[in-house]
Amino acid sequence: MIDLASHTVTPGFIGCHVHLSMDASQLSTQLLDSAATKALVGRRLANDYLDRGFTTLRDLGSAEPQWPTIDLRNATGAGTVTGPRLVIAAGVDRLDRQPRRCRQPLPATMAPPS
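Residues numbered from 1 in each chain as written. Predicted model: local features only at pLDDT ≥ 70, side-chain atom pairs only at ≥ 80, totals over all residues. Heavy atoms only, no water.

S.K.: Residues and numbers for the packing of aromatic side chains, please.
M.R.: Summed over all chains, the structure comprises 2 aromatic pairs. Summarising the aromatic geometry, the rings of Phe13 and Phe54 are spaced 5.5 Å apart at their centres and angled 50° between planes, so their arrangement reads as tilted. One end of the pair, Phe13, is in strand β1 (residues 13-18); the other, Phe54, is in strand β2 (residues 54-59), and 41 residues separate them in sequence. Owing to a relative accessible area of 40%, Phe13 belongs among the partly exposed residues under this scheme. (Phe/Tyr/Trp six-rings, centres within 6.5 Å; stacked < 30°, edge-to-face > 60°. Helix = DSSP H or I, 4+ residues; strand = E, 2+ residues; numbered from the N terminus. Buried < 20%, exposed > 50% of the residue type's maximum accessible area, 1.4 Å probe, protein only.)

S.K.: Got a sec to walk through the confidence of the model for the protein? Specific residues and values, please.
M.R.: With 77% of its residues at a pLDDT of at least 70, the protein reaches an overall mean of 80. Between the elements of the protein, mean pLDDT differs from a low of 78, seen in helix α1 (residues 27-30), to a high of 95, seen in β2. Low pLDDT, under 50, characterises residues 92-98; the stretch is placed with 12 contacts to residues that sit more than four places away or in other chains. (pLDDT = per-residue confidence, 0-100. Contact = heavy atoms within 4.5 Å.)

S.K.: I'd like a rundown of the sheet that holds β2, residues and numbers included.
M.R.: Within the open sheet, the 3 strands sit side by side as β1-β2-β3. Their pairing is parallel. Both outer strands of the open sheet, β1 and β3 (85-88), are each paired with one neighbouring strand and no more. Across this sheet, the average inter-strand angle for adjacent strands is 20°, counted without regard to direction. Along the sheet, helix α2 (residues 35-51) contacts β1 and β2; its crossing angle with β2, the most-contacted strand, is approximately 140°. (Pairing = 2+ DSSP bridges. Axes fitted to C-alpha atoms, helices over the stretch in contact; angles between N-to-C directions.)

Listed below in structure tokens is the structure:
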């Protein structure tokens, strides 16, 4: 048991709007980075958030078509790397309206018209 009587204890914070693989101030140079580099930078940023008490992050997108944050989410969830729980808002392809890397089709109510 840890005596925390003289401390303030809070539950883990949730970051609802983060971009782990994008930095708007360096976007022009980041576009040239590989997906692996973006995933590694995202891991460092995710752990920075974790160190500050954020146990869950919602990543709102990436300029990288390979979606390195999805790979980071999977690696964190599997325990391959440490980090906060990641919720990724993956994009939807405009032509077929299927979420990228989604293994299940969209419900009929969301499917494109025939």
